[in-house]
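Chain and residue survey
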Amino acid sequence: MALLEVEGLVKHFVAERSLFGRPLAHVKAVDGVSFALDAGKTLALVGESGCGKSTVSRLVLRLIEPDAGSVRFDGRDLLSLDAGALRAFRREAQIIFQDPYASLNPRMTVGQILTEPLALHDLVPPAQRRERVEELLRLVGLEPRLARRYPHEFSGGQRQRIAIARALAVEPKLIICDEPVSALDVSIRSQILNLLRELQDRLGLAYIFVSHDLAVVKHIADHVAVMNLGQIVETAEADALFAAPRHPYSRALLSAIPVPKPRAKSSRIVLQGEIPSALDPPPGCRFHTRCPYVVERCRSEMPMLLPDGIGHATACHRISELPSSEATVPADGGFSPVLEKLVAAFSGGTEAVRGGGVSSLGMDPA
Amino acid sequence: MSAAPLIDIKDLRIRFHGDDGRVTHAVDSIDLSVAHGATLGLVGESGCGKSVTSLAIMGLLPKQSAEISGAIRFDGFDLLKTSDQTLRDLRGNRLAMIFQEPMTSLNPSLTIGEQIIETILRHRGGARRSARERAIELLRRVHIPSPERRIDEYPHKLSGGMRQRVMIAMALACDPRLLIADEPTTALDVTLQAQILELMRELKAASGAAIILITHDLGVVAEVCDEVAVMYAGEIVERAPVDELFSKPQHPYTVGLLGSIPRLDHRADQLATIEGMVPNMAQPPAGCRFAARCPFVRDVCTRAPPPLVEVSPGHLSRCIRAPLELLVS
């Protein structure tokens with residue numbers, strides 16, 4: 001059984017009200033989204049700004065209330081939970097945000113930040129909390145003595161580690177990662193991605209990974225759901241999607257990734273025009289205003305998300321007529337042999353240099 | 001580069017004097033040049049000095065706290081010695097810049113048309129009517145739909161991608177010889193990034209302007225640059241033609257950066273990481289600034305600062321262990 005099952009989720013925000021408070025316009029942020037996630041796996045939600053991916057992640061945690069649909073977590077219907085049961089559920093699902101500067105209370109020490117969830121859920125007796133905090137810090141590759149410091153004394157990457165440690169404090173089954181590495185430098189980004197991957201292997205965590213960076217998604221995700229204007233247009237295993245994206249929107253998105261290889265082979269589809277407003281999404285297929293393959297039917301009839309029977313579902317009327325998607329995803333062709341060896345030596349070298357190791361848990365201290 | 005370069009930076013040093021008396025070495029002894037019509041990528045992580053370098057070229061650093069030495073020759077001027085008046089004449093005219101945040105670099109209380117027209121009238125003079133026509137033409141050149149209508153809109157009505165197009169239109173208003181683009185696509189979605197990069201390529205081909213592209217994204221560098229300079233802790237650690245940099249990097253920092261990018265056609269279990277932290281630039285280390293984080297470090301690295309030497313024609317590295325391929329063969 002899946003850990004998380006989301007069915008027909010809908011959330012419309014009121015964008016404008018009349019003088020008497022009657023809603024005049026709605027933003028259709030999420031409009032009929034369904035997916036499932038198994039324990040220990042990673043589902044990535046990808047799409048452009050405003051496609052509803054962050055709203056979905058908040059709905060799943062019931063940080064905001066959906067207008068329709070259901071969310072089942074470990075067999076329980078989340079939407080019927082009362083306040084007490086909802087608080088208990090917070091132990092099992094956590095979230096980390098993009099901006100590690102804004103998500104930690106600047107007036108609390110790291111020790112206090114990490115003790116709070118332990119006390120709130122009464123997970124660890126007061127006498128042992130300090131020890132648990134040190135353990136959490138080691139788990140995310142920080143030195144236990146740092147517990148006395150304040151957030152402003154840390155770099156962005158270290159703050160994101162603290163946010164991860166706080167999420168781990170309650171031993172959750174699911175962590176929602178909302179653009180967790182977007183604000184970080186390249187070399188720090190790889191450290192956090194490695195850490196997330198290792199924690200998943202060790203602790204059996206499931207992730208919902210919200211990101212606009214598709215190379216990162218390819219690296220971390222098992223499953224991918226591509227969203228456009230509040231709807232999932234394609235969902236598949238990550239490898240299948242990146243090998244052969246089917247929906248014209250997924251193709252455009254993947255083909256736009258810049259790859260670190262000069263003169264990389266790619267047949268880039270540059271979408272023309274703007275992302276339509278979610279206030280007034282186009283009728284029919286919501287992608288039709290930018291779709292290179294649009295036909296009359298697309299303008300009036302909304303396509304359903306149809307599974308192909310082997311785990312790949314697409315919402316496109318023209319799915320059977322589209323040209324092959326070969327070479328859509330730019331091939332970086334791998335590194336040159338010299339670079340491949342150098343990178344291996346670079347990583348191996350750090351291993352050797354690291355020697356003593358910061359963490360007693362055998363974690364990468366990066 | 002046989003002809004004289006468009007811009008030639010020699011021994012640029014920038015120090016910031018803090019209120020507490022501390023001196024931060026933001027940029028140290030940078031030599032750079034860009035030929036007419038070429039695109040140079042300036043790559044590095046937060047705090048490496050890449051944006052400060054570009055602000056020094058534009059003359060936008062605060063005079064009270066920034067101590068600048070060296071020379072920046074552009075178009076017959078030494079930008080570090082010209083008067084403020086001359087600099088104002090150059091900026092927005094022959095020298096133009098676009099920033100990462102199109103939301104904050106446009107004036108919210110003026111229509112986009114007024115902002116572009118202001119630039120044209122300041123540098124070119126002429127009648128308001130013809131400036132307006134030119135502004136509409138510029139908006140059309142950056143592919144803004146129905147520019148005749150859009151020109152009278154305020155920035156908040158435009159999306160992020162549109163605002164960046166307006167910024168580019170404004171930068172192009174007086175046909176600059178050098179365009180500095182500081183992370184121009186970082187705040188944009190990947191689909192819009194593709195549009196803007198294509199636009200920049202197109203405009204470069206049409207106008208022949210040189211571009212200095214500041215970015216942390218090596219994918220973007222690979223797509224649009226001819227030459228790359230990698231910066232670390234205020235210094236250029238490697239400089240090479242773009243193909244060379246990606247196939248045979250000659251500085252360990254570049255290797256680490258390349259290894260830490262998730263790749264599309266290869267799923268590595270672990271990405272390379274660069275251990276440790278950037279050195280404190282109030283007291284830069286005596287030897288190589290990357291030594292403390294370098295897996296290839298030797299004792300000598302920490303004793304004296306390594307010079308920037310030519311490893312192969314046009315390929316410079318600030319690493320005494322270069323050529324690096326000898327380390328792995």
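Residues numbered from 1 in each chain as written. Chains lettered and ligands numbered in written order. Predicted model: local features only at pLDDT ≥ 70, side-chain atom pairs only at ≥ 80, totals over all residues. Heavy atoms only, no water.

Note the threshold: UniProt positions are given in the numbering used here, feature names are shortened, and annotations may be inferred rather than shown by experiment.
You'll find chain B entered in an unreviewed UniProt entry as ABC transporter ATP-binding protein, with Bradyrhizobium hipponense given as the organism. Taken directly from UniProt, the Subcellular location (unreviewed entry) text for chain B runs: "Cell inner membrane". Reading the Sequence similarities (unreviewed entry) entry of the UniProt record for chain B gives the comment "Belongs to the ABC transporter superfamily."

**Details of the overall build of chain B**
Selection rule: Helix and strand labels come from DSSP, where a helix needs a run of H or I of at least four residues and a strand needs a run of E of at least two; each type is numbered from the N terminus. C-alpha atoms define the radius of gyration in this analysis, and the globule rule sets the expected value at 2.2 Å times the number of residues to the power 0.38. Burial classes: relative accessible area under 20% of the type maximum marks a residue as buried, over 50% as exposed, and values in between as partly exposed (1.4 Å probe, protein chains only). Pairs of residues are marked as contacts when any of their non-hydrogen atoms sit within 4.5 Å.
Along the backbone of chain B there are eleven helices and twelve strands. Its C-alpha atoms give chain B a radius of gyration of 21 Å, within 12% of the compact-globule value 20 Å for 329 residues. Principal axes of the C-alpha set define a box for chain B whose edges measure 70 × 50 × 45 Å. Evaluated residue by residue, chain B yields a buried proportion of 55% over its 329 residues. A sequence separation of at least 24 residues applies to 64% of the contacts in chain B between residues at least 6 apart.

**With respect to the packing of aromatic side chains**
Basically, it comes down to this: To pair, rings of Phe, Tyr and Trp, with the six-membered ring standing in for Trp, must have centres within 6.5 Å; the planes then decide the type, stacked if under 30 degrees apart, edge-to-face if over 60, and tilted in the middle.
For the coordinates displayed, the defined rule picks out six aromatic pairs over all chains. Where Tyr249 of chain A meets Phe287 of chain A, the ring centres are 5.1 Å apart and the plane angle is 65 degrees; that geometry is what we call edge-to-face. Within this pair, whereas Tyr249 of chain A is found in helix α9 (residues 248-255), its partner Phe287 of chain A is found in the loop between α9 and α10 (296-300), the two being separated by 38 residues in sequence. The exposure class of Tyr249 of chain A is buried, given its relative accessible area of 0%. Accessibility expressed as a relative area gives 1% for Phe287 of chain A, which makes it buried. An angle of 55 degrees between the planes, with centres 4.6 Å apart, marks the rings of Tyr232 of chain B and Tyr253 of chain B as tilted. Of the two residues, Tyr232 of chain B sits in strand β9 (residues 227-232) while Tyr253 of chain B sits in helix α10 (residues 252-259), which places them 21 residues apart along the sequence. Taken individually, Tyr232 of chain B and Tyr253 of chain B each receive the classification buried, so the pair is uniform in this respect. Following the ring pairs from residue to residue traces out a cluster consisting of Tyr232, Tyr253 and Phe290 of chain B.

**Re the sheet that holds strand β5 (residues 77-78) of chain B**
Residues and elements named next belong to chain B. What counts is decided by this rule: Any two strands between which DSSP finds at least two bridges are classified as paired. Axis definition: a line fitted to C-alpha atoms, over the contacting stretch in the case of helices. Angles run 0 to 180 degrees between N-to-C directions.
Here four strands make up an open sheet; going across it, the order is β2-β1-β4-β5 and the pairing antiparallel. The strands lining the two open edges of the sheet, one partner per strand, are β2 (23-34) and β5. As defined by bridge partners, strand β1 (residues 7-17) adjoins β2 across eight bridges and the pair is classed as antiparallel. Following the sheet pairing, Ile7 is matched in β2 by Val34. Sitting on the sheet, helix α1 (residues 50-58) touches β1, β2 and β4 (66-74), and the angle it makes with β1 is about 110 degrees.

**Comments concerning the interface of chain B and chain A**
Note: interface size is frequently given as the accessible area lost on complex formation between the parts. Put simply, the test is: By convention, the term buried area covers the 1.4 Å-probe accessible surface removed from two parts as they join, with the contributions of both added. One speaks of a salt bridge when a side-chain nitrogen belonging to Lys or Arg is within 4 Å of a carboxyl oxygen belonging to Asp or Glu. Two N or O atoms count as a polar contact when they lie within 3.5 Å, although within protein this holds only if one can serve as hydrogen donor and the other as acceptor, and sequence-adjacent residues are included solely when both atoms are side-chain atoms. Residue classes follow a fixed rule: Ala, Val, Leu, Ile, Met, Phe, Trp, Tyr, Cys and Pro count as nonpolar, while Asp, Glu, Lys and Arg count as charged, and any other residue, Gly among them, counts as polar.
Each partner contributes to the interface: chain B provides 56 residues, whereas chain A provides 67 residues. Across the interface of chain B and chain A, roughly 5400 Å² is buried in total on both sides, 58% from carbon and sulfur atoms. The tally of links between chain B and chain A comes to one salt bridge. Between Arg263 of chain B and Glu340 of chain A there is a salt bridge; the shortest N-O distance is 3.6 Å. Our count for the contact surface shared by chain B and chain A stands at ten residue pairs in polar contact (both at pLDDT 80 or more). Residue assignment for the side of chain B that touches chain A shows that the elements contributing at least two residues are α7 (190-207), α8 (218-224), α9 (242-247), α10 and α11 (325-328) of chain B. Looking at the side of chain B that touches chain A element by element, the count peaks at eight residues for α7 of chain B. Split into classes, the residues belonging to the side of chain B that touches chain A amount to 27 nonpolar, 14 polar and 15 charged.

**Considering the sheet that holds strand β1 (residues 4-17) of chain A**
Residue and element names in this part refer to chain A. A sheet is described by the order of its strands in space; here four strands give the open sequence β2-β1-β4-β5, paired in antiparallel fashion. Both outer strands of the open sheet, β2 (23-37) and β5 (76-77), are each paired with one neighbouring strand and no more. Looking at chain direction, β1 and strand β4 (residues 68-73) are connected through five bridges and run antiparallel. Its bridge partner lying in β4, Val6 is registered against Val71.

**Focus on the side chain of Thr185 of chain B**
All names here are of chain B. Mapped onto the fold, Thr185 is located in the loop between β7 (178-182) and α7. For Thr185, a relative accessible area of 4% gives the class buried. For Thr185, the side chain forms a polar contact with the side chain of Gln193, separated by 3.0 Å. If sequence neighbours within four positions are ignored, Thr185 has contacts with Gln193, Ile196, Leu197 and Val220.

**Some words on the environment of Thr289 of chain A**
All names here are of chain A. You can see Thr289 is positioned in the loop between α9 and α10. Along the primary structure Thr289 and Ser182 are separated by 107 residues, whereas in three dimensions their C-alpha atoms are 29 Å apart. If we skip the residues at most four places from it in the chain, Thr289 touches Pro276 and Pro282.

**Thoughts on helix α4 (residues 128-141) of chain B**
All names here are of chain B. Stated formally: The span expected for a helix works out to 1.5 Å for each residue beyond the first. Note that the arc is computed from the directions linking the helix axis to the C-beta atoms.
Taking 1.5 Å as the rise per residue, α4 with 14 residues should run 20 Å; its terminal C-alpha atoms sit 20 Å apart, in good agreement. For α4, the full list of buried residues reads Ala131, Ala135, Ile136, Leu138 and Leu139. Taken end-on, α4 shows its buried residues confined to a sector of 160 degrees, consistent with a single buried face. Opposite the buried face of α4, at more than 90 degrees from it, the exposed residues are Arg129 and Glu133. Buried-residue contacts for α4 involve α3 (112-124), α5 (147-150) and α6 (160-172). His143, located one to two residues past α4, shows a positive phi value of around 60 degrees.

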